[in-house]
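For reference, the chains in residue letters:
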Amino acid sequence: MGPSKFWPPLLSLRTAPPPRPFSICQFCWVRPFANHLRLFEAPVREQWLNDKGVIEVDGGYSYTTSWPELESRALAGCTWCNMLLSLREASSPSTQHSARQSRRVKITIGRHDGMGDVCTPPSTQDFVIFLDNVRAIWGHVYAAADNPAASFIVARPRILDVGSSRTLQLARTCLDDCMHGHPRCILLHSSSNTRLPTRLIDCADADRPRLLSTIGQRGIYVALSYVWGEDQPHSTTTANISDYESGIDGAVLPQTIRDAIYVTHALGMRYLWADTLCIIQDSAEDKSRELGYMHEIYRYAHLTIVAASARKVSDGFLEPRRPASDTTEDGITLPELTLPFPVSLPPSRAASKRTNASHTSPPRQPVGEVHISPIYMSAYGWVHLKPDSLSAEPISARAWCMQEFQMSPRVLFFGTETLRFRCLSSTRNVGDSFLRGPLLAREQHVLPDMLFLRDPPQLALPSDPDADSTEWARLHGKWGPLVQDYTRRTVSYPSDKLVACSAMAAAFQRVLRADYLAGLWRPTLLMDLLWHRAREGARCLPRPRCWYRAPSWSWAAIDGPVDANMSTVESLLAVVVQCEVVLKDATLRFGEVKGGFLVLHAALIPCTRGPPVDEAEEGAGRYRLHLHSAADGDAQPRDMDSLSKFAGEVRFDSEDDIEVATMSAIPIRLDDEYIDGLVVVAVPDKLASRSWLMPYRRVGYFRIYEEKLYNLGWKIAKLPLVDFELI
């Protein structure tokens, strides 16, 4: 709701002025406060007059007084005058001296439009004060829901009691608004009669829940997304499942599970899905079957409870939140301001009061109260703004929780600071509570609507030359950012690397209608191969210490952040001859793999590693790469000596590969500014799928920038192409 809907009329002559609070002097009451702090007029704007820092302030409400008068009124008890004096005293010595010398001071107040993207709700009003055209304080405005000022102020106080019945009723209102008022959500997700998961927790009695086998029933249910973080000895097993179907002693369950049962019951719903109880944890057969349905469990949940603040399952997520402690870079907490706010009655209510009154005096205007949460004070600087509250939550480090969040059409997000509701249409703080920081920054990676349609359109594949595959390419382009987010998280068991994103892969495959190859897609395989370890200061990690996880050409083969800016339209320098992966369980098409190979028809250029790109980035795995001509007897011709003058950069996939002595570069993409591809090493001790092929293993990614790139491109284009296999 935009602030324009909150603009009240200025105090009317037909109504009596509101009673002046004792904390504000008459001089201030009829000036800044009678003008509603100028929150509903044109914003205050700053204009630089020259390069010496001279600023002119335009807009808002300005008035002039003197410092001695301010001091006198402050001594008489005016909190507004006292606050202005404190801003002067807290300013720099030069500003204080200038203020005392001038004696007169121009005060400008009003709303400001410059910081609306660093807090929620998005339309939260800003308030700013200037003293002699110097910004003294800048903050966000909020008011309590039961305060008369709430009719004109967007934001509410931050909700700290996230588990109270009052708060959960507000959350229920968000859910109902979505169910009945969001056309997009109604179109993409109608969960009123969906097939229920195999087992659910019956929360009708929150103190003694029981496990229910649904046997093909339909209805609605809530899902739970949380961090295990420790063993759960009271999980469902083959030994206790019969007892659990009769009833479970809630006291033995970890706090997060108990909290989820309570929230489900308090929201007026009966059934909850939580993996620890709804999957038989000591049955490989049951685990395998339920994992095959994982993409449906969260996709068709009526609501998903995200226990974002809990680091482990015994923590729970309903504890009262701590009051905000927004501090500057120096650790200084800026004090909030509380100001009276005269409220103008709408004309209809004012007329009603006059009609019903037994006397003819005009009706009194009520006085509300607003709070200013500073983001800047001239004496202390800016508060430290959190770029993304979701990234700091414990749940954001867990790989499994990403698809649970992404696949859920509605989420009740119990964060460290407050409670939020997210659906396919919007994200909002429950109760419109004020929260510093933007909406969940990872909202940019929300899954496309197309994936939630029961009957998605049939998209033309890139392999069809007569069809427009733009929509396919657009959807495929959403996969890369998801991979980047996912690889910045961890799994407890290395073998879960592909399994923990299998629900997202299944959702994409249903629409892309393309083979999924250990995290990559067949129609764009060459471009998908060009993932590389992220440069964001992360160390180059060793390879996973497990028997096998993925082929070396898959991003799933390594640990740590990966950048995967996947594209579909490029000049390609290689050809895919054949690519296959071998699933560990043929029924889990997007799960673990136990083998895979890729046969390419491309150039193999000998290369060597040079010095680090940046000596300061020790352990980052970024080195200079030098191309060479082939030696006698090799497949490549010797008339390419000029290749040796081209140097680029290699990013090794793991620290285990940095000391490899003999390497080859495989050019794959020719762009307007660079050539990039893979760096590989021969592994003669391994068997290839075809006995006559030499097997290679990927060890890194390279890129070469060159002002005369066409020279290098022309030379590479002349190289003979050979078949070889990547394993």
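Everything numeric here is computed off the predicted structure, so don't read it as measured data.

Asker: I would appreciate a short explanation of the overall build of the protein in the present structure.
Answerer: If you tally the helices and strands in the protein, you get 18 helices and 35 strands. Intrachain contacts of the protein at a sequence separation of at least 6 include 73% that bridge at least 24 residues. Accessible surface for the protein amounts to roughly 32,300 Å². Of this, 51% is attributable to carbon and sulfur atoms.

Asker: What am I meant to see in the pairing of strand β4 (residues 104-111) here?
Answerer: For a regular strand, the rule is simple: side chains alternate between the two faces of the sheet. Counting buried positions along β4 yields 6 of 8 residues, so the element is predominantly enclosed. When strand β3 (residues 61-66) meets β4, the two strands line up antiparallel, connected through 6 bridges. For Thr-64, the partnering residue across the bridge sits in β4 and is Lys-106. When β4 meets strand β6 (residues 126-131), the two strands line up antiparallel, connected through 5 bridges. Each bridged residue has a counterpart across the sheet, and for Ile-107 the counterpart in β6 is Leu-131.

Asker: What is the right way to read the pattern of salt bridges from this model?
Answerer: Opposite charge on two side chains makes pairing possible when the charged atoms of those side chains draw close. Applying the stated criterion to the full structure yields 31 salt bridges. For Arg-270, the salt bridge identified is with Asp-202, shortest N-O distance 2.9 Å. With Arg-270 in the loop between α8 (255-266) and β13 (271-273) and Asp-202 in strand β9 (residues 199-202), this pair connects stretches of sequence that are 68 residues apart. By relative accessible area, which is 42% here, Arg-270 ends up partly exposed. With relative accessibility at 4%, the residue Asp-202 sits in the buried group. Close ionic contact of Lys-584 with Glu-592 constitutes a salt bridge, the shortest N to O distance being 3.6 Å. Residues joined in a network through salt bridges with shared partners are Arg-199, Asp-286, Arg-289 and Glu-290.

Asker: What's the story with the packing of aromatic side chains in this structure? I'm lost.
Answerer: The geometry of an aromatic ring pair is captured by two quantities: the separation of the ring centres and the angle between the planes. Under the definition given, this model contains 22 aromatic pairs. Between Phe-40 and Phe-341, the ring centres sit 6.0 Å apart and the planes meet at 70 degrees, which makes this aromatic pair edge-to-face. Within this pair, whereas Phe-40 is found in the loop between α1 (26-33) and β1 (45-48), its partner Phe-341 is found in strand β15 (residues 337-342), the two being separated by 301 residues in sequence. Counting every residue linked through ring pairs, the aromatic cluster contains Trp-479, Phe-508, Tyr-516, Trp-521 and Phe-590. Between Arg-31 and the ring centre of Phe-27, over which it is positioned, the NZ or CZ distance is 3.8 Å. The ring of Trp-531 is capped by Arg-698, whose NZ or CZ atom sits 3.4 Å from the centre of that ring.

Asker: Please explain the sheet that holds strand β12 (residues 222-225) as it appears in this structure.
Answerer: Taken together, 8 strands build an open sheet; the order of strands is β10-β9-β13-β12-β14-β18-β19-β20 and the sheet is mixed. Looking along the sheet, the strands with just one partner apiece sit at the ends: β10 (210-213) and β20 (427-429). Between one strand and the next, the sheet's axes are offset by a mean angle of 30 degrees, whatever the strand orientation. Relative to strand β18 (residues 410-414), strand β14 (residues 303-306) runs parallel, the two sharing 3 bridges. Along β18, the bridge assignment pairs Thr-304 with Val-411.

Asker: Would you explain the pairing of strand β7 (residues 134-142) in this entry?
Answerer: Across the 9 residues that make up β7, a large majority, 8, are buried. Hairpin geometry of β6 and β7 is characterised by an intervening segment of 2 residues between the two adjacent antiparallel strands and by a positive phi of about 50 degrees at Asp-132. Here 6 bridges tie β7 to strand β16 (residues 367-377), and the two strands are oriented antiparallel to one another. Looking at the pairing, Trp-138 lines up with Tyr-376 of β16.

Asker: Hey, could you run me through the nonpolar core in this one?
Answerer: Generally speaking, a soluble globular protein has its nonpolar side chains buried in company with each other. Leu-412, Phe-414, Trp-479 and Trp-555 are the most contacted members of the largest nonpolar core, which totals 121 residues. Per element, the largest residue contribution to this core is 8 residues, and it comes from helix α16 (residues 502-512). Leaving out residues up to four positions away in the same chain, Trp-555 has contacts with Trp-479, Val-483, Tyr-486, Thr-487, Lys-497, Leu-498, Cys-501, Gly-519, Leu-520, Trp-531 and Val-562. If you look at the next biggest cluster of nonpolar residues, it comprises 50 residues, including Ile-24, Ala-74, Val-128 and Val-141.

Asker: Looking at this structure, how should I read unusual backbone geometry?
Answerer: Peptide bonds are mostly trans, and most non-glycine residues show a negative phi. Positive phi outside glycine occurs at Asp-132, with the angle close to 50 degrees. Positionally, Asp-132 belongs in the loop between β6 and β7. Asp-132 sits in the partly exposed class, given a relative accessible area of 33%. Even without glycine at this site, Ile-215 takes up a positive phi of about 50 degrees. Checked against the element boundaries, Ile-215 lands in the loop between β10 and β11 (218-219).

Asker: For this particular structure, what's the right way to read the state of the cysteines?
Answerer: Linking two cysteines covalently through their sulfur atoms gives a disulfide. Applying the stated criterion across every chain, the model contains 0 disulfides. Not part of a disulfide, Cys-78 finds its nearest cysteine sulfur in Cys-81, a span of 3.6 Å. You can see Cys-203 has no disulfide; the closest cysteine sulfur is in Cys-278, sitting 9.1 Å from it.

Asker: Would you mind showing me how to read the environment of Tyr-61 here?
Answerer: Structurally, the position occupied by Tyr-61 is in strand β3. Residue class for Tyr-61 comes out buried when judged on its relative accessible area of 15%. Excluding anything up to four places from it in sequence, Tyr-61 contacts Arg-31, Pro-32, Asn-35, Arg-38, Ile-107, Thr-108 and Ile-109.

So, how was this worked out
Residues numbered from 1 in each chain as written. Predicted model: local features only at pLDDT ≥ 70, side-chain atom pairs only at ≥ 80, totals over all residues. Heavy atoms only, no water. Helix = DSSP H or I, 4+ residues; strand = E, 2+ residues; numbered from the N terminus. Contact = heavy atoms within 4.5 Å. Areas by Shrake-Rupley, 256 points an atom, 1.4 Å probe, with all protein chains shown as cover. Buried < 20%, exposed > 50% of the residue type's maximum accessible area, 1.4 Å probe, protein only. Pairing = 2+ DSSP bridges. Salt bridge = Lys/Arg side-chain N within 4 Å of Asp/Glu carboxyl O. Phe/Tyr/Trp six-rings, centres within 6.5 Å; stacked < 30°, edge-to-face > 60°. Lys NZ or Arg CZ within 6 Å of the ring centre and 35° of its normal. Axes fitted to C-alpha atoms, helices over the stretch in contact; angles between N-to-C directions. Core = buried A, V, L, I, M, F, W, Y, C linked by side-chain atoms within 4.5 Å. Disulfide = S-S within 2.5 Å.

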